[in-house]
Amino acid sequence: MSVAMATGQVLFQRFFYTKSFVKHSMEHVSMACVHLASKIEEAPRRIRDVINVFHRLRHLREKKKPVPLILDQEYVNLKNQIIKAERRVLKELGFCVHVKHPHKRFLLVGLVSLLNDDWRWMQMLSIP
């Protein structure tokens, strides 16, 4: 899910590069970007799961005791707003949502260098 979170951050930045924080709810767009990114990275999550995580994080940030989210009309309205925000993000980005993450390359380079270091240590230790 960490790759999906990184993808969501990129989508969020691309959207707000041209759009105003005043006209668009940052919280709704961020939930929409995380939900969209989970689908893009083939780790789909339900909108309900995304809303629950944001709800819990909001309570923890405000130093409140986390309480379960009540599934009432307010929840349904929030869910519909997130769906609309997701459509707005897709429309603004022209449905171009492919993201190449540089950290994947850094991870691969780091892993290869780590394996090379281990190999060198094994060779030095095996010398009689």
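So, a few notes on the structure that sits alongside this text. (Residues numbered from 1 in each chain as written. Predicted model: local features only at pLDDT ≥ 70, side-chain atom pairs only at ≥ 80, totals over all residues. Heavy atoms only, no water.)

Structurally, histidine 55 can be placed in helix α3 (residues 47-61). When near neighbours in sequence (up to four residues on either side) are disregarded, histidine 55 contacts Val67, Pro68 and Leu69. (Helix = DSSP H or I, 4+ residues; strand = E, 2+ residues; numbered from the N terminus. Contact = heavy atoms within 4.5 Å.)

Taking 1.5 Å as the rise per residue, helix α2 (residues 26-40) with 15 residues should run 21 Å; its terminal C-alpha atoms sit 20 Å apart, in good agreement. Where α2 is concerned, the buried positions are Val29, Ser30, Met31, Ala32, Cys33, Val34, His35, Leu36, Ala37 and Ser38. Contacts made by the buried residues of α2 are with α1 (2-18), α3 and α4 (73-92). Looking one or two places after α2, you find glutamate 42, whose phi comes out positive at around 55 degrees. (Expected span 1.5 Å × (residues − 1). Buried < 20%, exposed > 50% of the residue type's maximum accessible area, 1.4 Å probe, protein only.)

Turning our eyes to something else, we now look at unusual backbone geometry. Phi angles above zero are rare outside glycine, and glutamate 42 is one such case at about 55 degrees. In this structure, glutamate 42 sits in the loop between α2 and α3. The residue phenylalanine 95 is not glycine, and still its phi comes out positive at about 60 degrees. Relative to the helices and strands, phenylalanine 95 resides in the loop between α4 and α5 (102-125). Take phenylalanine 95: its relative accessible area is 63%, and that puts it in the exposed class.

Another point: the pattern of salt bridges. Applying the stated criterion across every chain yields a total of five salt bridges. Here glutamate 86 ties to lysine 39 by a salt bridge, and the two come within 2.7 Å at their closest N and O atoms. In this pair, glutamate 86 sits in helix α4 while lysine 39 sits in helix α2, placing the two residues 47 residues apart along the sequence. Classification of lysine 39 by relative accessible area gives partly exposed; the value is 41%. For aspartate 49, the salt bridge identified is with arginine 46, shortest N-O distance 3.2 Å. The class for arginine 46 is exposed, based on a relative accessible area of 53%. (Salt bridge = Lys/Arg side-chain N within 4 Å of Asp/Glu carboxyl O.)

This part takes up the environment of histidine 28. Note that histidine 28 resides in helix α2. The contacts of histidine 28, once residues within four sequence positions are left out, are Leu78, Gln81, Ile82 and Ala85.

What follows is about the environment of histidine 101. Within the fold, histidine 101 resides in the loop between α4 and α5. For the pair histidine 101 and threonine 7, spaced 94 residues apart in the sequence, the C-alpha separation amounts to 7.9 Å. Those residues within four positions of histidine 101 in sequence are excluded, and the remaining contacts are Val3, Ala6, Thr7, Val10 and Glu41.

Turning our eyes to something else, we now look at the packing of α1 against α2. Where α1 meets α2, the closest approach of the two axes is 8 Å, and the angle between their N-to-C directions is 130 degrees. With respect to their mutual orientation, α1 and α2 come out oblique. In this structure, α1 crosses over α2, and the sense of that crossing is right-handed. Touching Ala4, Met5, Thr7, Gly8, Leu11, Phe12, Phe15 and Phe16 of α1 are Met26, Val29, Ser30, Cys33, Val34, Leu36, Ala37, Ser38 and Ile40, all from α2. Considering only residue class, the contact of α1 with α2 consists of 13 nonpolar, four polar and no charged. (Axes fitted to C-alpha atoms, helices over the stretch in contact; angles between N-to-C directions. Parallel < 35°, antiparallel > 145°, perpendicular 65-115°, else oblique. Left-handed = near helix turned anticlockwise from the far one by under 90°. Nonpolar A, V, L, I, M, F, W, Y, C, P; charged D, E, K, R; others polar.)

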